[in-house]
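The lines below spell out each chain.
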Amino acid sequence: MSKTHNALPKHFRAAPLAAAVVAALGLLSSGALHAAEPATIAELQAEIARLKQALAAKEGAATQAAQPAPEATPASAPALAAAEDEPQALGAVTVRAKRKIELLKDVPLSVSVVTGAELDRELAQDLSAITKRSAGIQFNQNNTRGASLSIRGLGKRSFTETQDPSVGMVVDGVSYGLSQLANFDFYDVDSVDVTRGPQGTLGGKGASSGVVSINTKRPSFYPSADYQITYGQRDTVMAKANLGGPIIDDLLAWRGSFLVDRSRGYYTNNFDSNYSLYNKNRVSGRTQFLFTPSADFNARISFDLEPHAPQVQNGLTFYKNQPDRFADGSLTDPSGTTTRAKLTGYTNASGAYTPGRAWFAGRDFNGTPYTYANNYIGDNNLNFNENQGQTVHNKGGQVDLTWNLANHTLTSITATRKYSFDAHNDEGTPFDISRNGGGGVDYQQFSQELKLKSKPGGAFDYVAGLFYLKTEDDIASKSGWGSDAGAWFATTAQYNTLDRLAGVNRGAGLALLRDALADTLVKGDTVVDTKSTAIYGNGTWHATDAISLNGGLRLTHENRSTTDTRVVTANGAGAALNPVAVRGVQLGGFNSTASGTLAAGNSAAQVALADAVASRYFGAASYGALSSAQLAQVAAAKALRAGQIGQLISGITSHYDDNLVTATLSPSYRFNDNVTGYTSWQYGEKSGSALNVNGLSANVRPEKTNAFEVGLKSSLLKNTLILNADLFQMNIRDYQSTVRVVDDFTTQTNIANGQANPTAYVTAQGNVPKVRGRGLELDAVYSGIQNLSIRVAGAYTDARYVSFPLAAKPDELAYLTAPYVDQSGLTLPGVAKWTGNVGAEYRLPVWGDKQFHTSFTTSFTSRYNNTDTLSDYGYVPGNAVTDVSMGLTFKTGFDVSLVVKNATDNRAHEPAWTSYAPNPYPRWFGLTFSGKL
């Protein structure tokens, strides 16, 4: 049976330039700005008919360094070049196009596009590299779990899965509930779109600051196979391959892609040189199938997997001496709590010197005595014994269905994802202190979206849809202790009692120091369940050929619950030293006073336990036979253990239920075919959080953003210069951020112990009353010089706390008696006033049938503060990072290129109070071989 109606005419498959033109224009189609939308075959065939006359003219104008098409975006030149390099069949899901192509120039929003070709040429394949190629967006480096994205200065956050990201991540039309689901390598990328401002009326999950959408290449009926192999410094091996084509001609096609990325990290753990930081150990694969049974229906099925693999990305910390005195002259460490004090000694406010703790003196590792000066302080001085790093895993699948109706296109995207993260952290020394500590995440999500889109061409275009997202997140926090932990975490008074001033009881004190924490493990568990449902719509009224009005509305219902537990999972050697109970969680210890004597009300079993302690550590017949000095030692050991175990929670649940609104209104005016101006108002509400802090419910309020924008998009100098610019202001109420709150548990403990100034504070999620971001963004590309294309993007951002009177004190202001400082008027953490990037690519025919090519991308940022507390020690100086590629392409398509990343070896960092994390990726170079089969 003939199935010619199921795919494009075969003669068109042999017209690569036609495919290139439609592909380039399709890339510029607004569609859903942050979700690649499949076009129906009927729509594509209509486009083909309309473009036939234009193709002849474009064929004559095509050059080896493809010039941008009329009314193109800054990404058009590389997009067209990429399309010409590889002919594309216009399968139903390979090109984003509509009967009436609405160019990105006409979209009344600040949007940037980076093509996969731009990323490939300089091996830019993760979020850090991708964000260096678009202005106004920043990747806040951390490990796989903790990194975050911010746009226009908004969105930087620490480890928290109970809070939605401010910058949404969308991959192949699927919204991610957590940013870390996308903190992996990307491969076989078609394009990356960055949309700024509150989003949600076009579909997907709403986002308060912007959306980053990564679109991978789709299956096609055009057979293709390409590969890329890279060898480089630090034992780097990267291999990528993509292949596909028809399985059943005109009915079923497929595409398979995979990536292997292995390398040593630049930094080596001196304690065990077999381990390096940040090493790469990644293997990823994706398989897609395209089913086209009729001209009015197609389906795409996709599966991807990144298996469990360990990487050492925890512990990359360089330490420095804490300043001795505050600005008022007072000592920063009068009681000997720092690492330097424990290992080398300290001087108190009276001038009395206390030597370092004998427990750690004279210890050697690998045959070398360990000292603070030689093995802890300074750059590249990494010495720690917990080398397990972090293990991550990521997988998912989706089914995309598209129906071509009489006047509409109906799409359905059903998707599921799973992600896990398990980290094992260390305190930075080879001593047996922290053991099996760290955090873990086990996350899964299911999403369903139905979208109805009108066929374009009339006076009113619109899209409407339903969205559902269900997430389940199990977050573990682990604290484990080794045999050196007691001597390390003891206060100076506790250590004096058990060791330094123990006298004849020193042997018993040393045993108590060891047993107080050795082999003990406490595990916290936070389970977050979220159901998000939404209805949305967005329409554009074309009042005249020049005037359009775009508007959209989204209503979202959020239902969240968070349950916290924290229990002792292993008592280790010190079970007998347990408290009786902590917040109702029974631990089975005996009840004693602060001096160590037995309190009233102990049961016979508890008295027997106390007698066992007396016998084990002091050889006494009963607990009552202990001297006051011995009782003080037991009290010190019990207080040490209780202080590290901290609060326990048998189970507390907080609920959050709310209705949220997202809206947009954007008029635009086309001055002529080359210049369009627009204004926009965007309103977004970011969901609040169901949150427990210190065992008490402490929900976070929703964040509310009003964004205003005025922009101009233009194509100048006979379409050789594309210039887009906008001014924006974003006003945010109840900005979700790290705040300082009262630690009720510790405060009550301090009151019970009679401590002066008992109120304690802890860092937690919360709301900042008012924040404002405003600035200027510019995106331009110039291709008026033969064989050369130049791209420039820049942003000026002024993001400040308008009102933040209760901010946490930075380290250098800890001497102030007030618990808070006022940061109103100060710039937000992580925000550089000036950011941008400059890139260029030059291609030149050489030696007959070969082509020389070279390119570079330089991203720059001005000085900014990297600490949540805006410490004076947290400023990172202005800096730039440059990636360079140079190579030769042969007639067969084979290419060999030299790639240098961070060519200037930029390692800018903050001066820090006691420690800082260096740039994990210093200069690297490698040789890449690529081609087509």
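Note that the structure is predicted; figures quoted are calculated from it, not measured.

Calculation rules
Residues numbered from 1 in each chain as written. Predicted model: local features only at pLDDT ≥ 70, side-chain atom pairs only at ≥ 80, totals over all residues. Heavy atoms only, no water. Helix = DSSP H or I, 4+ residues; strand = E, 2+ residues; numbered from the N terminus. Buried < 20%, exposed > 50% of the residue type's maximum accessible area, 1.4 Å probe, protein only. Contact = heavy atoms within 4.5 Å. Areas by Shrake-Rupley, 256 points an atom, 1.4 Å probe, with all protein chains shown as cover. Axes fitted to C-alpha atoms, helices over the stretch in contact; angles between N-to-C directions. Parallel < 35°, antiparallel > 145°, perpendicular 65-115°, else oblique. Left-handed = near helix turned anticlockwise from the far one by under 90°. Nonpolar A, V, L, I, M, F, W, Y, C, P; charged D, E, K, R; others polar. Pairing = 2+ DSSP bridges. Core = buried A, V, L, I, M, F, W, Y, C linked by side-chain atoms within 4.5 Å. Phe/Tyr/Trp six-rings, centres within 6.5 Å; stacked < 30°, edge-to-face > 60°. Salt bridge = Lys/Arg side-chain N within 4 Å of Asp/Glu carboxyl O. Patch = residues over 30% accessible without salt bridge, like charges linked within 9 Å, V, L, I, M, F, W, Y side chains within 5 Å. pLDDT = per-residue confidence, 0-100.

Undergrad: So what exactly am I meant to see when it comes to the overall build of the protein chain here?
TA: Helix and strand counts for the protein chain come out as 14 helices and 43 strands. For the protein chain, the proportion of its 933 residues judged to be buried stands at 58%. Taking contacts inside the protein chain between residues at least 6 apart in sequence as the whole, the part at least 24 apart equals 71%. Total accessible area computed for the protein chain in this model is approximately 35,700 Å², and 57% of it derives from carbon and sulfur atoms.

Undergrad: Can you help me understand the packing of helix α11 (residues 506–515) against helix α13 (residues 628–645) in this one?
TA: Packed helices, taken two at a time, are described by their axes: the angle between them and the distance between them. Running from N to C, α11 and α13 point in directions that differ by 15°, and their axes come no closer than 9 Å. With respect to α13, the axis of α11 lies roughly parallel. Relative to α13, α11 is oriented so that their crossing is right-handed. On α13, the residues touching Ala508, Gly509, Leu512, Leu513 and Asp515 of α11 are Gln633, Val634, Ala637, Leu640 and Arg641. Considered class by class, the residues forming the contact of α11 with α13 number 6 nonpolar, 2 polar and 2 charged.

Undergrad: Explain the sheet that holds strand β4 (residues 167–171) here, please?
TA: In sheet architecture, strand pairing relies on hydrogen bonds along the backbone and comes in two forms, parallel and antiparallel. With mixed pairing, 5 strands are arranged side by side in an open sheet as β1-β6-β7-β4-β5. Among the strands making up the open sheet, the edge pair consists of β1 (111–115) and β5 (174–176). With direction set aside, neighbouring strand axes in the sheet form an average angle of 20°. Direction of pairing for β4 relative to strand β7 (residues 210–216): parallel, over a ladder of 5 bridges. Pairing of Met169 across the sheet is with Val212, part of β7.

Undergrad: Please explain the nonpolar core as it appears in this structure.
TA: Nonpolar side chains in soluble globular proteins generally cluster together in the buried interior. If you look at the biggest cluster of nonpolar residues, it comprises 47 residues, and the most contacted ones within it are Leu513, Tyr623, Leu626 and Leu648. Elements represented by at least two residues in this core include exactly α9 (485–489), α10 (492–500), α11, α12 (604–618) and α13. The element contributing the most residues to this core is α13, with 6 residues. Apart from residues no more than four positions distant in its own chain, Leu626 is found in contact with Ala614, Phe618, Ala620, Leu631 and Val634. Ala129, Ile151, Val171 and Ile413 belong to the second-largest nonpolar core, a separate cluster that totals 36 residues.

Undergrad: Please explain the packing of aromatic side chains as it appears in this structure.
TA: Working definition: an aromatic ring pair is given by the centre-to-centre distance plus the angle between the planes. Going through the model one piece at a time under the given rule, you end up with 27 aromatic pairs. Geometrically, the ring pair formed by Tyr370 and Phe431 is edge-to-face, given 5.0 Å between the ring centres and 75° between the ring planes. One end of the pair, Tyr370, is in the loop between β19 (368–369) and α8 (372–375); the other, Phe431, is in the loop between β21 (408–423) and β22 (438–454), and 61 residues separate them in sequence. Across the pair, Phe431 and Tyr370 agree in class, each one buried. With 5.9 Å between their ring centres and 40° between their planes, Phe890 and Phe894 make a pair best called tilted. You can call Phe890 partly exposed: its relative accessible area is 29%. Among the residues examined, Phe894 registers a relative accessible area of 29% and is labelled partly exposed.

Undergrad: I tried to follow the pattern of salt bridges on my own but got confused; where do I start?
TA: Any two side chains of opposite charge can pair, on the condition that their charged atoms come close. Within the structure shown, the criterion is met by 38 salt bridges. Linking Arg506 and Asp499 is a salt bridge whose minimum nitrogen-to-oxygen distance equals 2.5 Å. Overall, the relative accessible area of 34% leaves Arg506 in the partly exposed class. Where Glu558 meets Arg560, a salt bridge forms, and the shortest distance between an N and an O atom there is 3.2 Å. Pair check on accessibility: Glu558 and Arg560 agree, each one buried. Residues joined by salt bridges that share partners form a network here, namely Arg121, Glu122, Arg133, Glu841, Arg843, Asp883 and Lys901.

Undergrad: Looking at this structure, how should I read the environment of Arg152?
TA: Secondary-structure assignment places Arg152 in the loop between β3 (148–151) and β4. Sequence spacing of Arg152 and Arg774 is 622 residues, and the spatial spacing of their C-alpha atoms is 7.7 Å. If we skip the residues at most four places from it in the chain, Arg152 touches Ser110, Gly136, Arg196, Gly197, Glu709, Asp726, Phe728, Met730, Glu777, Thr797 and Ala799.

Undergrad: Sorry if this is basic, but what is going on with the pairing of strand β35 (residues 788–803) here?
TA: Where a strand is regular, its side chains alternate between the two sheet faces. Pairing geometry for strand β34 (residues 761–782) and β35, over 13 bridges, is antiparallel. Residue pairing for β35: Val771 is matched across the bridge by Tyr801. Adjacent in sequence and paired antiparallel, β34 and β35 are bridged by 5 residues, among which Asn787 carries a positive phi angle near 70°. Pairing analysis gives 9 bridges linking β35 to strand β36 (residues 834–846), with the strands arranged antiparallel. By the bridge assignment for β36, Tyr796 is matched with Trp834.

Undergrad: Just to check I follow, could you spell out α11 for this structure?
TA: Every α-helical turn comprises 3.6 residues, leaving residues that sit three or four positions apart pointing alike. By the burial criterion, the buried members of α11 are Ala508, Gly509, Ala511, Leu512, Leu513 and Asp515. Check the buried side of α11 and you find it contacts α9, α10, α12 and α13.

Undergrad: Help me understand a nonpolar patch on the surface in this model?
TA: There is a patch of nonpolar side chains on the surface, built from Ile247, Ile248, Phe289, Ile301, Phe303 and Val399 and spanning about 480 Å² of accessible area. Contributions of two or more residues to the nonpolar patch are made by β9 (236–248) and β14 (297–311). With respect to the helices, strands and loops of the structure, Val399 is situated in strand β20 (residues 390–404). For Val399, a relative accessible area of 31% translates into the label partly exposed.

Undergrad: In this structure, what is going on with unusual backbone geometry? I would like to understand it.
TA: What is expected of a backbone is that most residues other than glycine have negative phi and most peptide bonds are trans. In this model, Arg152 sits at a positive phi of 60°, which is unusual for a non-glycine residue. Exposure remark for Arg152: the relative accessible area of 1% places this residue in the buried category. Located in the positive-phi region is Asp905, a residue other than glycine, with phi close to 55°.

Undergrad: Help me understand the confidence of the model for the protein chain, please; the structure alone is not making it clear to me.
TA: For any part of a model where pLDDT is low, the fine detail of the predicted coordinates should not be relied upon. Confidence in the prediction of the protein chain, expressed as mean pLDDT, is 86, and 88% of residues score 70 or more. When the criterion is pLDDT under 50, residues 1–102 qualifies, and its contacts beyond four places in sequence or with other chains add up to 220 contacts.

Undergrad: So what exactly am I meant to see when it comes to the pairing of β20 here?
TA: With 13 bridges connecting them, β14 and β20 associate as antiparallel partners. Note on β20: the bridge partner recorded for Asn298 is Thr402. Note that β20 and β21 share 15 bridges and pair antiparallel. Its bridge partner lying in β21, Gln390 is registered against Ala423. In sequence, β20 turns back onto β21 through a hairpin of 3 residues.

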